[in-house]
Amino acid sequence: MGRFIVCDHPLIQHKMTFLRDKNTDTKQFRELVDELATMMAYEVTKDIPLEKIRVQTPVAEAEGFVVGRMLGLVPILRAGLGMVDGMLKLLPSAKVGHIGMYRDPETLQPVEYYFSLPSDVTERELIVLDPMLATGGSANAAIASLKARSCRPTKLVCLIAAPEGVKAVQEAHPDIDIYVAALDRHLNGHGYIVPGLGDAGDRLYGTK
Ligand code: URA
């Protein structure tokens, strides 16, 4: 079973509180998602392998370490886009793919409408980004789509998860580690996370 990690650093909890607040405007909301993504990147890369190198200080030779793994970020459109720049601040060499998903209003199943990946994607470990893990439908479909193309998704990073979504991803993709900033109570009848923060895409882009 993949790991389920709640990144509950005090600064993350502080920023999450303002992210949830319905009085937080679009500009602040976008800035908070960006900052939270940067803080999550720190947690998500905690286990990343290092390669030893030697450098010359002004005084002597020293042993050092550099990140030894090629990474890729794959935001699920559109809300996942809000997390990309924040992650890239700590992972500037990561390349970025995109997966577009919408929910079919009749079947309620996720439908892929856009897919684009970096050319060297199979050499990279992929981190899938989606701020809200609700039913897990989009995340599961995105991860399955990456695996079907011989890619290597290893981590899913969300800001808020419902227990239903966590369970769905763990069952469908037990090899994936899930990182969240908060685990909320449940989904309501409209598929919103409670208490959640509303529609992350609408709040990021000022749409309704
Ligand atoms: N997507 C959102 O943006 N918010 C939710 O609460 C659930 C899914």
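The rules behind the values
- Residues numbered from 1 in each chain as written.
- Predicted model: local features only at pLDDT ≥ 70, side-chain atom pairs only at ≥ 80, totals over all residues.
- Heavy atoms only, no water.
- UniProt positions renumbered as here; feature names shortened; annotations may be inferred.
- 1 Å grid on protein atoms, 1.4 Å probe; cavity = no way out; pocket = protein on both sides within 12 Å on 5 of 7 lines; lining within 4 Å.
- Helix = DSSP H or I, 4+ residues; strand = E, 2+ residues; numbered from the N terminus.
- Buried < 20%, exposed > 50% of the residue type's maximum accessible area, 1.4 Å probe, protein only.
- Contact = heavy atoms within 4.5 Å.
- Pairing = 2+ DSSP bridges.
- Near = heavy atom within 4 Å.
- Polar contact = N/O pair within 3.5 Å; in protein donor to acceptor, adjacent residues only side chain to side chain.
- Sits in = over half its atoms within 2 Å of the grid points.
- Nonpolar A, V, L, I, M, F, W, Y, C, P; charged D, E, K, R; others polar.
- Arc of directions from axis to C-beta.

Quick notes on the UniProt feature "binding site: uracil" (unreviewed entry) in the protein
The feature "binding site: uracil" (unreviewed entry), as given by UniProt, occupies I193, G198, D199 and A200 in the numbering adopted here. As for the largest pocket, its lining draws on I193, G198, D199 and A200 from among the annotated residues. Here G198 shows up in the loop between β15 (193-194) and α6 (200-205). Taking relative accessible area as the criterion, G198 reaches 33% and is therefore assigned partly exposed. Non-local contacts of G198, meaning those with residues more than four positions away in its chain, are made with M132 and Y192. Along the chain, A200 falls in helix α6. By relative accessible area, which is 7% here, A200 ends up buried.

Observations regarding the sheet that holds strand β13 (residues 182-183)
Taken in spatial order, the 3 strands line up as β9-β11-β13 in an open sheet, and their pairing is parallel. Each edge of the open sheet is held by one strand with a lone partner, namely β9 (132-133) and β13. Sheet analysis places β9 next to strand β11 (residues 160-161), joined by 2 bridges and oriented parallel. Across the sheet, residue L133 finds its bridge partner in β11, namely A161.

Notes on the site of the ligand
Taken together, M132, A134, G191, Y192, I193, G198, D199 and A200 make up the full set of residues adjacent to the ligand. Within the backbone of I193, a nitrogen or oxygen atom sits 2.8 Å from an oxygen atom of the ligand. A200 places a main-chain nitrogen or oxygen 2.7 Å from an oxygen atom of the ligand. Spatially, the ligand is embedded in the largest pocket. Counted by class, the shell around the ligand contains 5 nonpolar, 2 polar and 1 charged residues.

Examining helix α1 (residues 10-20)
Listed in full, the buried residues belonging to α1 are I12, M16 and L19. Projected down its long axis, α1 carries its buried residues within an arc of 55 degrees, all on one side. Where the residues of α1 are buried, they touch α2 (26-44), β11, β13 and α6.

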